[in-house]
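Structural characterization, general
Residues per chain, in single letters:
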Amino acid sequence: KQNHSIEEIAKQLMAARSVILFPHIQMDGDALGSCAALCKALRCAGKEAVILTEDEVPEYLSFLDQGYCTMDSEAIHQPDVCMCVDCGEVVRFPKREKKFFQGKITICLDHHTTSTPFADYNFIDGSIAATAELVYKVIKAMGIPIDKEIGEAIFTGISTDTGNFQYSNATKESHLITADLYDAGIDHAKVAVQLYQNTRLEKIRITNRILDTLELFGGGKAAIAYVSQEMLRQVGAELSETEGVVETVRNVKGVEIGAFVKEQDGGRIKVSMRAKTTGNVAEIAAKFGGGGHVKAAGCTLYTNLQEACESVKEAIEESLKIKD
Ligand code: 5GP
Ligand code: MN
Ligand code: MN
């Protein structure tokens, strides 16, 4: 299957009467921000639209959900369009896969290098910093004005996926789109407080516990930390509140690759990895059946916490050796 144009995707959305949007599991600011912007735009155009999720909206992103999110797959019975956003593989929405293919038309809008076109209409561009930038273009192509709320949702996606404009994925285009959002009336400082300065004390506490596990390896070029269900219970934190920890692990001076290993409810192990400059964590994640971007990737392991840490360390050391 091939990529289509932004215009073609906009046309398909405008022709639809009902649309279900699918963010990836464990949604982040880009997945939910992109979906919220599209959902509001579609509703402004008089369409029935919802965001179908398979987990709760994390608290730090709850401001984006202005009555859009549902976990009821029958919220729209026979949707004209089902559209996955910020994900390009069915494993990224496992519990909703069946519903997705009930769409008369399926669309995929994504920016992961490891995604391959699988929907009826696809726009996947691994060179774009955030799916929210693609959403901006789709909404423009639909001819729907970008209001404050849509603008703040798009801003959330761009800000969170670029590390607030720090990472190498941020481009002139990211800034130009953001500049245009100011004309839509966004309050970037208010959104920044929501995203970055609204931290539950339990999140700070679990971060402390996790950073106590931080260990350097690979001659100081790599670092790893972990969290267990027991640690979360002791502190009263949610696993979703460990968002951001892997960046801290990567931030250690001299570290090129940072990994964060998470014991999920039910025993599966989720791994998040980040590279600083030359590392390629998408490659490492792919070895375990995962994927993502060159500098931010993840995978799931079906083993215990300790063995997962060992396997991940081994794979990272291997990857660093090849780069040397
Ligand atoms: P995070 O570490 O924040 O969960 O994810 C980092 C990046 O890797 C995100 O772009 C995310 O979509 C991608 N990613 C994380 N886990 C997986 C996975 O299991 N499979 C794939 N294909 N991508 C993943
Ligand atoms: Mn994402
Ligand atoms: Mn993204």
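This is a predicted model, so every value here is computed, not measured. (Residues numbered from 1 in each chain as written. Chains lettered and ligands numbered in written order. Predicted model: local features only at pLDDT ≥ 70, side-chain atom pairs only at ≥ 80, totals over all residues. Heavy atoms only, no water.)

1. Remarks on the packing of aromatic side chains
Applying the stated criterion across every chain, the model contains seven aromatic pairs. When the ring of Phe-155 is compared with that of Phe-165, the centres are 6.4 Å apart and the planes differ by 40 degrees; the resulting orientation is tilted. Taken together, the residues span a long stretch of sequence, with Phe-155 in helix 5 (residues 148–161) and Phe-165 in the loop between helix 5 and helix 6 (172–183) at a distance of ten residues. Overall, the relative accessible area of 22% leaves Phe-165 in the partly exposed class. Ring-pair connections join several aromatic residues into one group, and the members of that group are Phe-22, Phe-93, Phe-100, Phe-101 and Phe-118. The positively charged end of Lys-313 is found above the aromatic ring belonging to Phe-217, 5.6 Å away from the centroid. (Phe/Tyr/Trp six-rings, centres within 6.5 Å; stacked < 30°, edge-to-face > 60°. Helix = DSSP H or I, 4+ residues; strand = E, 2+ residues; numbered from the N terminus. Buried < 20%, exposed > 50% of the residue type's maximum accessible area, 1.4 Å probe, protein only. Lys NZ or Arg CZ within 6 Å of the ring centre and 35° of its normal.)

2. A look at the nonpolar core
Core analysis: the largest hydrophobic core is formed by 52 residues, its most contacted members being Leu-13, Leu-21, Leu-38, Met-83, Ile-139, Met-142 and Ile-154. Sort the elements by how many residues they give to this core and helix 2 (residues 29–44) lands first, with nine residues. If sequence neighbours within four positions are ignored, Leu-21 has contacts with Cys-35, Leu-38, Cys-39, Leu-42, Val-50, Ile-51, Leu-52, Met-83 and Val-85. Counting residues in hydrophobic clusters, the runner-up holds 24 residues, among them Phe-217, Ile-224, Leu-305 and Leu-320. (Core = buried A, V, L, I, M, F, W, Y, C linked by side-chain atoms within 4.5 Å. Contact = heavy atoms within 4.5 Å.)

3. Focus: the coordination of the manganese ion (ligand 2)
His-24 (NE2), Asp-28 (OD), Asp-28 (OD) and Asp-86 (OD) make up the full set of protein donors to the manganese ion (ligand 2), lying at 2.1 to 2.8 Å. When the donor residues of the manganese ion (ligand 2) are listed from N- to C-terminus, their spacing reads H-x3-D-x57-D. The distance between the manganese ion (ligand 2) and the manganese ion (ligand 3) comes to 3.6 Å, with Asp-86 serving as a donor to both metals. With a relative accessible area of 18%, Asp-28 lands in the buried category. (Donors = N, O, S within 2.8 Å, 3.2 Å for Na, K, Ca; no water.)

4. Describing the state of the cysteines
Scanning the entire structure with this criterion turns up zero disulfides. Free of any disulfide, Cys-82 has its nearest neighbouring cysteine sulfur in Cys-84, separated by 9.6 Å. According to the relative accessible area criterion, Cys-84 is buried, its value standing at 0%. (Disulfide = S-S within 2.5 Å.)

5. Re unusual backbone geometry
At Asp-86, a position not held by glycine, the phi torsion is positive, near 65 degrees. Looking at the secondary structure, you find Asp-86 in the loop between strand 4 (81–85) and helix 3 (97–100). Its relative accessible area of 1% is what places Asp-86 among the buried residues. The phi dihedral of Phe-165 is positive, around 75 degrees, even though this residue is not glycine.

So yeah, pure geometry; function would need other evidence.
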